[in-house]
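Single-letter residue listing:
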Amino acid sequence: MFRVRHDSANTHPAKGADAPHSHSMKDHLKSRPDLLDPAELDALGGLELVARAVVTGFISGLHSSPSRGFSVEFAEHRAYRPGDDFRFVDWKKYGRSDRFFLKQYEQETNLSAQVCLDVSLSMDWRSREAGLLTKLAYAKRLAASLTLLLIRQGDLAGLICFAERVLGRTAPRGTLAHWTELVRQLAAQPAGELSAAAEALDEVAARGRRRGLVILVSDLLVDEPATQRALKKLRHQGHEVLVFHILDPGELELPGAGDAVFVDPETGDEVPARSAELRTQYREAVASALDEWRRVCGSHKIDYHPIATDQPLALCLGEYLHTRTRLG
Amino acid sequence: MIGFLYPVLGLAALAALIPVFLHLIRRRELHRVTFPAIRYLRRAEQRHARRLRLRHLMLLAVRVIVILLLAVAAMGPLAGRGGPADHRATALAILIDDSQSSAQIVGERYLLDLYRERVELTLELTTADDEIALFSGVRPDAGVLAREPAGVREYLRGLRPAAGRADLGSAIRRAHAWLEPLGGRAREIHIYTDLQRVSLPPGAAGAPGPEVVPLTAGRPMTVSVPLRWFGEERPADRIVVRLVVGDDVVAVAEAAFGESALLSLPAQDHGWVQGYVEIDQHGLVADDRRHFTWYARPPTRVAVLGDAGPFLDHALETLQRGGRLQLESPDAAEVWILAGGERLEEGLAGEVSVIVVPPATPEQPAGTRADTVALRGRRPEPRGQANRRRRAAGGAERSGDPAGVSTRPPWSLGQ
């Protein structure tokens, strides 16, 4: 089964907190906007502000986390000062000089990441108006946050928006000015029509001479065999591939109870059905599809992460971090 | 086979088309929902399409069947009445109430004709294995009048209303006696009657015995019609009561419920008088009309032979004034009143009714008294004479000689 839903007490501490702890939880969430509900987070402002807040909160969380030390390599030594962490003491140098020195690291700058964002019509949908972002809005916030995190780490970040064809592309660069331009492009990007993920991925494969990280953000309502074939091709070229499968909660459970004609916004395809009769079978079909994606991606060492739009962006960033750590 | 009481209600079966129609148009009237993940929905539907289709068809079939069953139930199915061979061997006693009331006209037909028609319907359903017997409600003592369908039909063709009342109790007992030895068959008694009160035993179903009303031909009389109300709130207003003889309204009166309407019945000719009394519609319509049949006959012709005395003469004159009898000569009379036994032998030998009364004087001619005693087996000693003899004998009667004592009336009735 897929791991889309998670314990809300972990991601939304304030929701599950008892009254005596609610105040401290609120303070905690103020410093960790990446853990906020995406719809609540949207109140912060535009795409750029949201992405900055998310990434800032996420990085501050990392410093307090024991899982630190990603994408860094040794740069120089520094004399120990009271209060420094003993874990960074270079004990070999202490053995030779009988003095305490700390290792200093500097970030890598040679990773080129390309975010492929699906802006098709199926992404511009949400199952309810209140408390949910559309899949496209969520994906845009995720893309902005990821690229900011990449650039802050010293990596290069680029963006490709695709629908029935590639609608916009930004070459990977590592400056904040580039990120600002990238966010502006994201914000202005309207929804397209059909989804041709395979073409976008093929274009990345064709243009990307240098091995790097390819992040696909899509609802994967695409030509599945072609898309899977394109993903395999990227892997074959030596790229690391990370797939974020964006799902609306209303797609995980069939909405409504009565008879209705369900219409595909992209193709206009219609399926008359009674929700109450098909709910169980639909749930099984979704689970089967996600398992298939997980199996295909897993067999080619592609990181696959289904994410629902009511989950905090920190989860996605954490998954990215996990992949990035593996890359070294 | 199955017959139906109300076949026209079979049209309700057309309602079975409603779920079919809804099933066909259901998918056209659904509201539309935008849903991107339609591919998963289609997969789910395709995977279970056969089961869903089967479920829908079964649901449709159940709805149609329920409606059809309701329609069949509304038609009133009669199992086992559909054909001649659809019952086991039966012993059937047909009891026809051919009393005077069967001559009543219902609609445009005689009631007896309706009986014949219904009996014919029953006979058409009989088979060669069935035992059939016809009984008369008027003549229960006559036993089985006809057997087998052909015989029953033949008898019924010649049957006419009898001049008498039915005795359904006796007739049913007779039919039951006929059915009793036929225990190996299904046994049925079909009774065709209008359930006149006079055809039931007195006191049956709590009903009082019939009231006998004399009707004399050629003389008007007053008929009292009591109006009873069986509902909870008795209307206080007076209603019109009509007396109809044949097709003519012969009398009209007004009365309230709980009272009796007095209606003047004009003089009727000699013979049967059929008619009814009716009120305007009140409550149950069936209660608003009561049929009757009277036999109007002329007053009884009576002749007085001998000196009956002033009291009897006065009584006969009163009855004559009231139209109850007509004093005639002995040759034209139906009833002789003999005072003193004159022409007694002649009267007894004839067809007249004879009433012997005490003579106006206590003295009786010798021999006449003895003849009367011989005829009746009684001691026709006049009361005054016996008393005088009792006083003359003193205590002799008390000594144990009752031979000369009579405690019976000195007159008797004979025909």
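Residue indices begin from 1 for each chain and proceed along its sequence in written order. Chains carry letters and ligands carry numbers; both start at the beginning, A for chains and 1 for ligands, and go up in the order they are written. The predicted origin of the model limits local features to residues at a pLDDT of at least 70 and limits the giving and counting of side-chain atom pairs to 80 or more, whereas totals for whole chains, interfaces and linings rest on all residues.

**Notes on the overall build of chain B**
We count it as follows: Elements are defined by DSSP. Helices are runs of H or I of four residues or more, strands are runs of E of two residues or more, and each kind is numbered from the N terminus. With C-beta atoms placed from the backbone, a residue counts as buried when 20 or more other C-beta atoms lie within 10 Å of its own, as exposed when 12 or fewer do, and as partly exposed for counts between those limits. Two residues form a contact once the distance between their C-beta atoms, set from the backbone, is within 7 Å.
Check the secondary structure of chain B and you find 10 helices and 20 strands. Considering chain B as a whole, with its 415 residues, one finds that 19% of them fall into the buried category. Residue pairs in contact within chain B that sit at least 24 positions apart in sequence constitute 69% of those at least 6 positions apart.

**Description of the overall build of chain A**
Across its full length, chain A holds 13 helices and 10 strands. Residues counted as buried form 41% of the 328 residues belonging to chain A. Intrachain contacts of chain A at a sequence separation of at least 6 include 74% that bridge at least 24 residues.

**Section: the nonpolar core**
Put simply, the rule is: Among buried residues, those of type Ala, Val, Leu, Ile, Met, Phe, Trp, Tyr and Cys that are joined through C-beta atoms within 7 Å form a set called a nonpolar core.
Judged by nonpolar contacts, the single largest core of 86 residues is most densely connected at Cys116, Ile215 and Val217 of chain A together with Leu41 of chain B. Among the elements that take part in this core, helix H7 (residues 135-152) of chain A stands out by supplying 11 residues, more than any other. If sequence neighbours within four positions are ignored, Ile215 of chain A has contacts with Ala113, Val115, Cys116, Leu146, Leu242 and Phe244 of chain A.

**Brief notes about the interface of chain B and chain A**
What counts is decided by this rule: Throughout, the ten residues Ala, Val, Leu, Ile, Met, Phe, Trp, Tyr, Cys and Pro are labelled nonpolar, Asp, Glu, Lys and Arg are labelled charged, and all others, Gly among them, are labelled polar. Only strands joined by at least two bridges in the DSSP assignment are considered to pair.
If you look at the interface, chain B gives 21 residues, while chain A gives 25 residues. Within the residue set of the side of chain B that touches chain A, elements represented by two or more residues are strand S2 (31-34) and helix H2 (38-47) of chain B. Of all the elements, H2 of chain B adds the most residues to the side of chain B that touches chain A, at 9 residues. Residue composition of the side of chain B that touches chain A, grouped by class: 10 nonpolar, 3 polar and 8 charged. Pairing between strand S8 (residues 259-263) of chain A and S2 of chain B: 4 bridges, direction parallel. Bridging across to S2 of chain B, Val261 of chain A finds its partner in Arg32 of chain B.

**A closer look at the environment of Leu252 of chain A**
The residue Leu252 of chain A is located in helix H11 (residues 249-252) in this model. Separated by 31 residues in the primary sequence, Leu252 of chain A and Arg283 of chain A place their C-alpha atoms 6.5 Å from one another.

**Topic: helix H3 (residues 49-75) of chain B**
Residues and elements named next belong to chain B. Heads up, the condition is: Under the convention used throughout, the expected extent of a helix is 1.5 Å for every residue step, that is, one less than its residue count.
The first and last C-alpha atoms of H3 sit 39 Å apart over 27 residues, in line with the 39 Å expected at 1.5 Å per residue. Little of H3 sits out of view: just 1 of its 27 residues are buried. Positive backbone phi, at 70°, marks Gly76, one or two positions downstream of H3.

**Topic: the sheet that holds strand S9 (residues 186-192) of chain B**
Residue and element names in this part refer to chain B. The line we're drawing: Only the contacting stretch of a helix is used when fitting its axis, a line to C-alpha atoms as for every element, and angles between N-to-C directions run 0 to 180 degrees.
Pairing is mixed across the open sheet formed by 4 strands, whose spatial order is S8-S7-S4-S9. If you trace the sheet from one side to the other, it starts and ends with strand S8 (146-147) and S9, each paired once. Relative to S9, strand S4 (residues 90-96) runs parallel, the two being bridged by 7 bridges. The partner of Ala91 across the bridge, within S9, is Arg187. Sheet strands in contact with helix H4 (residues 111-124) are S4 and S9, and its direction is about 160° off that of S9.

**Examining the sheet that holds strand S15 (residues 289-296) of chain B**
Residues and elements named next belong to chain B. One open sheet accounts for 4 strands, arranged S12-S11-S14-S15; its pairing is antiparallel. The outermost strands of the open sheet, each flanked by one partner alone, are strand S12 (248-255) and S15. Averaged over all adjacent pairs, the angle separating strand axes in this sheet is 20°, with direction ignored. In this sheet, S12 lies alongside strand S11 (residues 239-245) in antiparallel orientation, the contact comprising 7 bridges. By the bridge assignment for S12, Val244 is matched with Val249.

**As for the confidence of the model for chain B**
All names here are of chain B. Short version of the rule: The predictor rates its confidence in each residue with pLDDT, a number between 0 and 100.
Scored by pLDDT, chain B comes out at a mean of 77, with 77% of its residues at no less than 70. Confidence drops under pLDDT 50 across residues 366-380; counting only partners more than four residues distant or on other chains, this segment forms 20 contacts. Predicted confidence is poor over residues 395-415, with pLDDT under 50, and the contacts of this stretch with residues over four places away or in other chains come to 30 contacts. Scoring the predicted complex yields pTM 0.46 and, for the interface, ipTM 0.72.

**Some details on unusual backbone geometry**
A negative phi holds for most residues other than glycine; trans holds for most peptide bonds. One non-glycine residue, Asp98 of chain A, lies in positive phi territory at about 60°. For Asp98 of chain A, a count of 7 C-beta atoms within 10 Å translates into the label exposed. Here the phi dihedral of Glu148 of chain B falls at roughly 65°; this positive angle occurs in a residue that is not glycine. Mapped onto the secondary structure, Glu148 of chain B falls in helix H5 (residues 148-157). Residue classification places Glu148 of chain B among the partly exposed residues on the basis of 16 C-beta atoms within 10 Å.

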